[in-house]
Amino acid sequence: MASPTAAVGVSEEQSKKKSKKSTNEVEECELLTVPDGWREPAFTREDNPRGLLEESSFATLFPKYREAYLRESWPLVQKALGETHIKATLDLIEGSITVCTTKKTFDPYAIVRARDLIKLLARSVPFEQAVRILQDDVAADIIKIGTLVRNRERFVKRRQRLIGPKGSTLKALELLTGCYVMVQGNTVSALGPHNGLKEVRKVVMDTMKNIHPIYNIKTLMIKRELAKDPELRMQSWERFLPNFRHKNLNKRKEPKKKSAKKEYTPFPPQQPESKVDKELATGEFFLRESVKKRKKMEEIKVKQAEALTKKQEERNKAFIPPKEKPLMKKTNKAPSESKLDIEAIKDKVKKAKNKKLGAPIVNPAPASSSTATDKKQKKKNKG
């Protein structure tokens with residue numbers, strides 16, 4: 001049996017471990033949370049007074065239709081990049097834009113932002129939106145969607161689904177993520193905070209995978225409402241988010257003619273019998289040539305006779321008269337049972353008359369006596 005002191009010691013150690021775990025979890029949670037209104041300090045010349053050691057440059061091509069807009073807005077681009085001491089050149093002959101650092105450039109990340117700026121300008125993003133990339137809290141993402149769908153018609157339909165009727169879906173996505181989204185050709189250009197860009201990429205990729213963007217927009221709306229509650233900030237939100245499933249499953253098209261697979265056998269199929277083997281089996285091989293020829297002629301004559309009979313039957317079919325339809329339809333004779341009984345009808349009529357008129361019943365005896373007297377008088381008159 002264990003002593004009570006040992007049990008007490010074990011319980012104290014467990015409680016200490018639990019308290020340590022809880023304190024560690026609290027510290028990690030505090031580290032993960034960012035205080036409201038916090039912003040990273042700007043990078044100044046004091047952070048890098050000596051500047052950069054080597055010159056670095058980036059270049060990108062732009063389409064022909066973009067040339068007029070770039071020529072108009074180029075002074076504004078040079079002014080914006082001149083604040084970070086980056087040189088920009090526009091080559092209209094080659095159709096390219098180049099940015100490079102100078103001796104006065106002190107921010108090493110400024111050239112990366114300048115590279116993103118010229119990429120966005122080449123992808124038809126207006127200058128007013130593209131200039132925001134030079135800020136510290138703004139990033140850019142160019143999503144390539146041209147190779148995600150093979151069929152061109154499907155690609156166009158899904159791209160239009162991302163834009164929505166009159167751009168409503170794209171506008172809702174911009175409001176929820178806080179990003180500027182531009183759909184142009186085979187790419188989607190996004191500009192905004194890092195968290196928003198992550199959501200934009202997810203929505204775009206799911207839309208190209210035939211998942212409607214409205215589902216992702218609904219989840220973003222729910223997340224936006226949950227983020228306002230400080231108690232739910234460090235909890236899992238899976239119980240609140242909807243789970244959308246595919247209802248229509250793609251059924252594999254089955255072929256009309258199904259060929260059943262034969263069982264595998266290591267032995268090759270039996271070789272078919274040759275003409276000589278068949279003759280040996282029947283005994284024709286040992287007959288004379290004259291007998292063979294006579295037998296062949298008999299077989300040919302039998303076949304010819306069968307063919308003649310078939311042809312004759314086909315010819316005779318044309319001379320067989322067709323069956324004529326009768327002009328008048330045969331009337332079915334009424335059955336004898338259905339004949340009318342005239343005497344019975346007469347009796348019924350007499351009875352009905354007597355009942356209606358109310359005449360007294362006449363005795364048959366006097367009627368017969370009167371007839372007898374009339375006959376006697378006729379005989380006397382003749383005599």
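Here the structure is shown first, and the text comes after it.
On a predicted model such as this, the values are computed, not experimentally measured, just so you know. (Residues numbered from 1 in each chain as written. Predicted model: local features only at pLDDT ≥ 70, side-chain atom pairs only at ≥ 80, totals over all residues. Heavy atoms only, no water.)

## Section: the overall build of the chain
Inclusion rule: Comment: elements are numbered from the N terminus, with helices defined as DSSP H or I runs of at least four residues and strands as E runs of at least two. Accessible area is worked out with a 1.4 Å probe on protein chains only. A residue is then buried under 20% of its type maximum, exposed over 50%, and partly exposed in between. Only heavy atoms enter the contact rule, under which two residues are in contact if any of them lie within 4.5 Å. Note that accessible areas follow from Shrake-Rupley with a 1.4 Å probe, and for residues the cover is restricted to the protein chains shown.
The number of helices and strands found in the chain is 12 helices and 6 strands. Counting only residues that meet the buried cut, the chain has 22% of its 383 residues in that class. Counting only contacts in the chain whose residues sit at least 6 apart along the sequence, the fraction spanning at least 24 positions is 59%. Carbon and sulfur atoms make up 55% of the accessible area of the chain, which totals about 33000 Å².

## Brief notes about the sheet that holds strand β2 (residues 86-91)
Here is the rule we go by: Note on pairing: DSSP must find at least two bridges between two strands before they are called paired. Every axis in this analysis is a line fitted to C-alpha atoms, fitted for helices over the stretch in contact. Angles between the N-to-C directions lie between 0 and 180 degrees.
If you trace the 3 strands from one edge of the open sheet to the other, you get β1-β3-β2, paired in antiparallel fashion. The strands lining the two open edges of the sheet, one partner per strand, are β1 (57-61) and β2. Adjacent strand axes in the sheet meet at a mean angle of 15° when their direction is disregarded. Contacting β2 and β3 (96-101), helix α2 (residues 67-82) runs over the sheet at an angle of about 165° to β2.

## Quick notes on the environment of T60
In this structure, T60 sits in strand β1. The class for T60 is buried, based on a relative accessible area of 17%. Between the alpha carbons of T60 and T98 there is a distance of 6.7 Å; along the sequence they are 38 residues apart.

## Details of the pairing of β3
Along β3, 5 of the 6 residues are buried, which leaves the element largely enclosed by surrounding structure. Relative to β3, β1 runs antiparallel, the two being bridged by 5 bridges. Paired with L61 across the strands is S96, a residue of β3. Two elements, β2 and β3, share 6 bridges in a ladder whose sense is antiparallel. Looking at β3, one finds that T89 is bridged to T98. Hairpin connection of β2 to β3: 4 residues between the antiparallel strands, including G95 at a positive phi of 75°.

## Topic: the packing of helix α6 (residues 168-177) against helix α8 (residues 213-227)
Convention followed: Roughly parallel means an angle under 35 degrees; roughly antiparallel, over 145; roughly perpendicular, 65 to 115; everything else is oblique. For any pair of crossing helices, the crossing counts as left-handed if the nearer helix is rotated counterclockwise from the farther one by less than a right angle, and right-handed if it is rotated clockwise.
Look at α6 against α8: their axes get within 10 Å of each other, and the N-to-C directions meet at 25°. Put simply, α6 runs roughly parallel to α8. Handedness of the α6/α8 crossing: left-handed. Packed against α6, whose contacting residues are T169, A172, L173, L175, L176 and T177, the element α8 presents P213, I217, L220, M221 and R224 at the interface.

## Observations regarding the pattern of salt bridges
Just so we agree on the cut-off: One side-chain nitrogen of Lys or Arg within 4 Å of one carboxyl oxygen of Asp or Glu is enough to make a salt bridge.
Within the structure shown, the criterion is met by 10 salt bridges. Note that D136 and R113 form a salt bridge whose closest N and O atoms lie 2.7 Å from each other. In this pair, D136 is assigned in the loop between α4 (127-130) and β4 (139-144) and R113 in helix α3 (residues 110-122), connecting sequence segments 23 residues apart. By relative accessible area, which is 43% here, D136 ends up partly exposed. R113 gets classed as buried once you look at its relative accessible area, which sits at 13%. The salt bridge involving E284 is made with K295; its shortest N-O contact spans 3.5 Å. Of this pair, E284 sits in the loop between α9 (275-282) and α10 (289-317) while K295 is found in helix α10, placing the two residues 11 residues apart along the sequence. When its relative accessible area of 26% is taken as the criterion, E284 is described as partly exposed.

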